[in-house]
Amino acid sequence: MYTRKSYFDSVLVDNVNAYNTTLWAGIFVWGVQVDQDFQWRQHARDPGLQSRNITIQNSTVHDTFGDGIAIYMSRNGTIQNNVVYRSGMEPPPEDIGTPVGLWWWSSSNMVGQFNESYDNHSPGVDGGGYDIDYWSTNSTMQYNYGHDNGAYCMSVFAKTGETRTNILRYNICAGNGTDHTYLKETPQGKTTEEILPGQSEIYFCTWEGGRLVDTWIYSNTFYINSTGNPSATGLFDVCPAGTDIERNGIFRNNLVVSEIPNVLGDVATANNRDRDYNFYYYTGGNFADPKPEPHAIYNQDPLVNGLGYHGIGRPTTEWTLQAGSPAINSGTNACTGLSGCSVGTRDFFGNPIPVGGAFDIGAHEAG
């Protein structure tokens, strides 16, 4: 039994093009290494052992067998201005894990911003765009664009303890959940077809006593068009066990446009947080919210430019609000009643917030 107590400090990964790797990831920074599972729980959250001040930026990662960009067991890290696509491309049999485009695990004071993550997959579960994984604290995913991923756009996980203070704000998630099923080879060499969990824009999972605390989701734009398994498709989904142990979670000021009638996805997950001041538009007819919000907008055209956009390249005018949009000045200060919460200073497109004396709904502050 051993514990290696070394770590990285002040690392900059800048302007890297990583691709065609059959190893774990395209860009990957690790923290302390231990050799027993119980030691993970003891050491992974020890700030004296975490790597620190890691920045990964201005890089492109694609066509990897495993993860795109990942940071493990670190603090004060930033992943920004990157493009990740076609990660998780390992062919069967699966032996590399459950990759995600861009994520961190067992880390604190982390920021992921201004990234594009798309067309990511997995030989097993996951295969999403962005992930705040278990044993993490003080995480912010902001100003990111996630689209056309095999599973979710953004996820938050918790295991054997709390994943605390998770902020998802001013992101645009569009057209995720493209892998309706995946093929997984059994030990006997036979191939079985299984439902891929997380065919949603937002995916939660807690297990082995895990809890999500202060998961604040506000001022994002979501476009739902997946036509996969109805039990796993929509705005929200949870892992197969159906666990979403949440405390003090919010869902506010979000613009939700759906091409499918199951707008919310897993309704219990949607209702397991304080949600209000959101805008819901089902393009195929009226959406009846099973738990109507006092200040939500339902069944009105949001009047956005490029409705339905989920192409390659960060939106510049797509998903911006047109003059006269009912989303303008219809939001709220999303941090009302939340200790330690800040709405930030800008929207997805770089505009200051708020404009015109009130907040807009969605990732664009039009004024």
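Read on for a plain summary of the structure. (Residues numbered from 1 in each chain as written. Predicted model: local features only at pLDDT ≥ 70, side-chain atom pairs only at ≥ 80, totals over all residues. Heavy atoms only, no water.)

### Comments concerning the state of the cysteines
Note the cut-off: Cysteine sulfur atoms that come within 2.5 Å of each other are treated as a disulfide pair. Secondary structure is summarised from DSSP: a helix means a run of H or I of at least four residues, a strand means a run of E of at least two, and numbering begins at the N terminus for each. Only protein chains enter the calculation, and the probe is 1.4 Å; a residue is then buried if its accessible area is under 20% of its type maximum, exposed if over 50%, and partly exposed in between.
Taken as a whole, this structure holds three disulfides when the rule is applied. For Cys153, the disulfide goes to Cys173, at an S-S distance of 2.1 Å. Measuring the twist about the S-S bond at about -65 degrees, one finds the Cys153-Cys173 disulfide to be left-handed. With Cys153 in the loop between strand S17 (145–147) and strand S18 (154–159) and Cys173 in strand S20 (residues 172–174), the pair connects residues that are 20 residues apart, well separated along the chain. With a relative accessible area of 1%, Cys173 lands in the buried category.

### Some thoughts on the nonpolar core
Spelled out, the test is: In this description, a nonpolar core means a group of buried Ala, Val, Leu, Ile, Met, Phe, Trp, Tyr and Cys residues linked to one another through side-chain atoms lying within 4.5 Å. Any two residues whose heavy atoms approach within 4.5 Å are treated as being in contact.
Among the nonpolar cores identified, the biggest contains 42 residues, and Phe222, Leu235 and Phe251 are the most heavily contacted of them. Not counting residues up to four positions away in its chain, the partners in contact with Phe222 are Met154, Cys173, Glu201, Ile202, Ile217, Leu235, Phe251, Asn254, Leu255, Val256 and Val257.

### Let's talk about the environment of Phe8
Position of Phe8 among the secondary structure elements: in the loop between strand S1 (3–4) and strand S2 (9–14). Take Phe8: its relative accessible area is 44%, and that puts it in the partly exposed class. Separated by 46 residues in the primary sequence, Phe8 and Ile54 place their C-alpha atoms 7.9 Å from one another. Here Phe8 is in contact with Val29, Trp30, Ser51, Arg52 and Ile54, once residues within four sequence places are set aside.

### What to know about the packing of aromatic side chains
Short version of the rule: Pairing of aromatic rings covers Phe, Tyr and Trp, the last through its six-membered ring, and needs centres within 6.5 Å; plane angles under 30 degrees mean stacked, over 60 mean edge-to-face, and all others mean tilted.
Under the criterion given, the structure shown has 25 aromatic pairs. Relative to Trp30, the ring of Phe28 lies with its centre 5.5 Å away and its plane at 85 degrees, an arrangement referred to as edge-to-face. Its relative accessible area of 24% is what places Trp30 among the partly exposed residues. Measuring from centroid to centroid gives 5.8 Å for Trp105 and Tyr134, while their planes differ by 80 degrees, and the two rings are edge-to-face.

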